Amino acid sequence: MLNKIGLIGGGYIGGVLLQEIVKRRLAREVGMSDPAPFVNPNDPPEQQATQAKQSVAKGKALDIAEGTPTIRSDVRCYGSKDYSAIEGAELIINTAGVPRKARPDGTFPTREELLTINLKVTNDVAKGIQKYCPDAIILSIANPLDAIVYTLNKRLNPAKSRLFGMAGQLDSGRYCYFVAEAAKVSVENVSAMVLGGHGDDMVPVRSSCQVGGIPVEKFLDEATLAAIESRTRKAGGEVVGLLGFGSAFASPAWAALEMAEAVIFDKRKIIPVCALLEGEYGVNGLYVGVPAIVGKNGVEEVIEMDLTAAEKAAFDHSVGAVRKTCDEVDGMLAKL
Ligand code: APR
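Basis of the calculations
- Residues numbered from 1 in each chain as written.
- Predicted model: local features only at pLDDT ≥ 70, side-chain atom pairs only at ≥ 80, totals over all residues.
- Heavy atoms only, no water.
- Helix = DSSP H or I, 4+ residues; strand = E, 2+ residues; numbered from the N terminus.
- Expected span 1.5 Å × (residues − 1).
- Buried < 20%, exposed > 50% of the residue type's maximum accessible area, 1.4 Å probe, protein only.
- Domains from an automatic or database assignment.
- Contact = heavy atoms within 4.5 Å.
- Buried area = accessible area lost by both parts, 1.4 Å probe.
- Salt bridge = Lys/Arg side-chain N within 4 Å of Asp/Glu carboxyl O.
- Pairing = 2+ DSSP bridges.
- Axes fitted to C-alpha atoms, helices over the stretch in contact; angles between N-to-C directions.
- Disulfide = S-S within 2.5 Å.
- Phe/Tyr/Trp six-rings, centres within 6.5 Å; stacked < 30°, edge-to-face > 60°.
- Polar contact = N/O pair within 3.5 Å; in protein donor to acceptor, adjacent residues only side chain to side chain.
- Left-handed = near helix turned anticlockwise from the far one by under 90°.
- Parallel < 35°, antiparallel > 145°, perpendicular 65-115°, else oblique.
- Nonpolar A, V, L, I, M, F, W, Y, C, P; charged D, E, K, R; others polar.

S.K.: Any details on helix 5 (residues 145-156)? Residues and values, ideally.
M.R.: Every α-helix carries 3.6 residues per turn, so stepping three or four residues along brings you back to the same face. The end-to-end C-alpha distance of helix 5, which contains twelve residues, comes to 16 Å, matching closely the 16 Å that a straight helix rising 1.5 Å per residue would cover. For helix 5, the buried fraction is high: ten of the twelve residues fall into the buried class. Two residues or fewer after helix 5 comes N157, characterised by a positive phi angle close to 45 degrees.

S.K.: I'd like a rundown of the domain arrangement of the protein, residues and numbers included.
M.R.: For an interface, size is often stated in terms of accessible area lost upon the parts coming together. With domains assigned, the protein is organised as domain 1 (2-100 + 113-165) and domain 2 (168-333). Relative placement of domain 1 and domain 2: their C-alpha centres are 24 Å apart. Every contact between the two is made by 34 residues of domain 1 and, on the other side, 37 residues of domain 2. Interface area, domain 1 with domain 2, both sides summed: about 3,300 Å², of which 72% is carbon and sulfur. Across the contact surface, domain 1 and domain 2 share four salt bridges. The residue K160 makes a salt bridge to E278 at a minimum N-O spacing of 3.4 Å. Counting residues per element, the ones that place at least two in the side of domain 1 that touches domain 2 are strand 1 (2-8), helix 1 (12-24), strand 4 (91-94), helix 4 (111-132), strand 5 (137-140), helix 5 and strand 6 (163-165). Ranked by the residues each element gives to the side of domain 1 that touches domain 2, the list is headed by helix 5, at nine residues.

S.K.: Describe the environment of G213, listing the residues and the values that go with them.
M.R.: Relative to the helices and strands, G213 is located in the loop between strand 8 (203-211) and strand 9 (214-215). A C-alpha to C-alpha distance of 8.0 Å links G213 and V190, two positions 23 residues apart in sequence.

S.K.: Before we move on, could you go through the sheet that holds strand 8 and cite the residues and values that matter?
M.R.: Taken in spatial order, the three strands of this open sheet run 7-8-9, and their pairing is antiparallel. A single partner strand is all that each edge strand has here, and the edge strands are strand 7 (190-195) and strand 9. Its contacts with the sheet put helix 6 (residues 168-183) on strand 7 and strand 8, and the angle it makes with strand 7 is roughly 135 degrees. Across the face of the sheet, helix 10 (residues 309-335) comes into contact with strand 7 and strand 8 while running at roughly 140 degrees to strand 8.

S.K.: Which residues make up the state of the cysteines, and what values go with them?
M.R.: Two cysteines joined by a covalent bond between their sulfur atoms form a disulfide. Scanning the entire structure with this criterion turns up zero disulfides. Counting only cysteine sulfurs, C133 is the nearest neighbor of C77, a cysteine outside any disulfide, at a range of 17 Å. On the basis of relative accessibility, which here comes to 11%, the residue C77 falls in the buried class. No disulfide involves C209; its sulfur sits 6.1 Å from the nearest other cysteine sulfur, which is in C176.

S.K.: For the pattern of salt bridges, give the residues involved together with the corresponding values.
M.R.: Applying the stated criterion across every chain yields a total of 14 salt bridges. The partner of D316 in a salt bridge is K312, with the nearest N and O atoms 2.9 Å apart. Of the two residues, D316 and K312 both sit in helix 10, four residues apart, roughly one turn of that helix. You can call D316 partly exposed: its relative accessible area is 36%. A relative accessible area of 31% places K312 in the partly exposed class.

S.K.: Break down the packing of aromatic side chains for me, with residues and values.
M.R.: Scanning the model with the defined rule gives four aromatic pairs in all. Measuring from ring centre to ring centre gives 5.2 Å for Y12 and F249, while their planes differ by 40 degrees; the resulting arrangement is tilted. Here F249 lies in the loop between helix 8 (235-243) and helix 9 (250-264) and Y12 lies in helix 1, a separation of 237 residues in the sequence. On the basis of relative accessibility, which here comes to 27%, the residue F249 falls in the partly exposed class. Three or more aromatic residues joined by ring pairs make a cluster, and in this case those are Y12, F245 and F249.

S.K.: Tell me about the side chain of E261, and name the residues and values.
M.R.: Within the fold, E261 resides in helix 9. Since its relative accessible area comes to 15%, E261 is described here as buried. One polar contact links E261 to R24, side chain to side chain, over a distance of 3.1 Å. Here E261 is in contact with R24, L26, D266 and K267, once residues within four sequence places are set aside.

S.K.: Hey, could you go over the packing of helix 6 against helix 9 for me, with residue numbers and the actual values?
M.R.: Direction vectors running N to C along helix 6 and helix 9 enclose 115 degrees, while the axes themselves pass 8 Å from each other. Seen along the crossing, helix 6 lies across helix 9 with a hand that is right-handed. On helix 9, the residues that touch Q169, L170 and R174 of helix 6 are S251, P252, A255 and E258.

S.K.: How would you sum up the packing of helix 4 against helix 10? Please name residues and give values.
M.R.: Orientation of helix 4 relative to helix 10, taken along the N-to-C sense of each, is 60 degrees, at an axis distance of 11 Å. Relative to helix 10, the element helix 4 lies oblique. Viewed along their axes, helix 4 and helix 10 form a crossing whose handedness is right-handed. Along its contact with helix 4, which presents R111, E112, L115, T116 and L119, the element helix 10 presents T325, E328, V329, M332 and L333. The residue inventory of the contact of helix 4 with helix 10, partitioned by class, reads five nonpolar, two polar and three charged.

This is the structure in structure tokens:
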């Protein structure tokens, strides 16, 4: 058990994280920071005054705190509109961001506009961490994943082990789920890694996929596997399309908690995480999804797994896409 976990962002994922941390008793205290609802200067003054008093983070935290006697959990939880609620946290989980949604006039922000907005959010998040818990291990979930983790590194420059992103565990979970369904076996029997960037170029590594310790090809034919791998790459969008609001939130929160528990209980568990590469896989200075041993210090060791020639080519291609986004981020950060 940690003394304190800090949650930055109190939206859909932040809400599940808060519930689960309290239920699983992962820390003595958990603080959630989120500025929402944002005061809109164009609204009538009375509405602005109401918005200024409201707080998503305080509301969610109070709701859960009031349920703790029922579930018999003594974990203290509280929220704030500024970053003070994360003060002294040993582990930060960051979900702060603005989703891609239609403006009041019906138009959508471009990818670049959205990235600029989310880099500004991440800039504020970095300042909050710097002020209130500069030594925390940082686990970031916010999208675009690779760009946000890269930005946190640029702004905070923490030790390599202390900053990582969540994507591979979620993407691997999706891959495993589809394989288990197709092979008609328990999800507990399936293990697999999805590596590379957290985008359409992610790499479901078929050579790592096993069912009950047996290579997956024994259970599923080429066409089925190819279809599963393609569905895995687009799985986030599939959920978005069905929901009609926001994006997946339970599975990303659980995936992040898998990583958080590996840190909290010093499990030294091998998990695909978005980690800084310094020569591993022939990559330097980028955060990319790779298997790593996760323990009390965060990323204890990046594991260089053997990939087939086709998997290596796909991985390099995915890294190319991450590099392109990070070059773009460098340009944008210089202007912030
Ligand atoms: N500091 C802290 N929180 C912020 C800030 C900020 N500067 N700016 C925005 N937020 C908050 C929003 O107020 C919102 O409550 O971040 C929260 C994001 O929550 P949701 O929009 O509900 O998004 P969620 O589904 O939780 O996903 C969070 O993870 O998987 C990714 O793509 C997803 O980037 C998104 C993130």
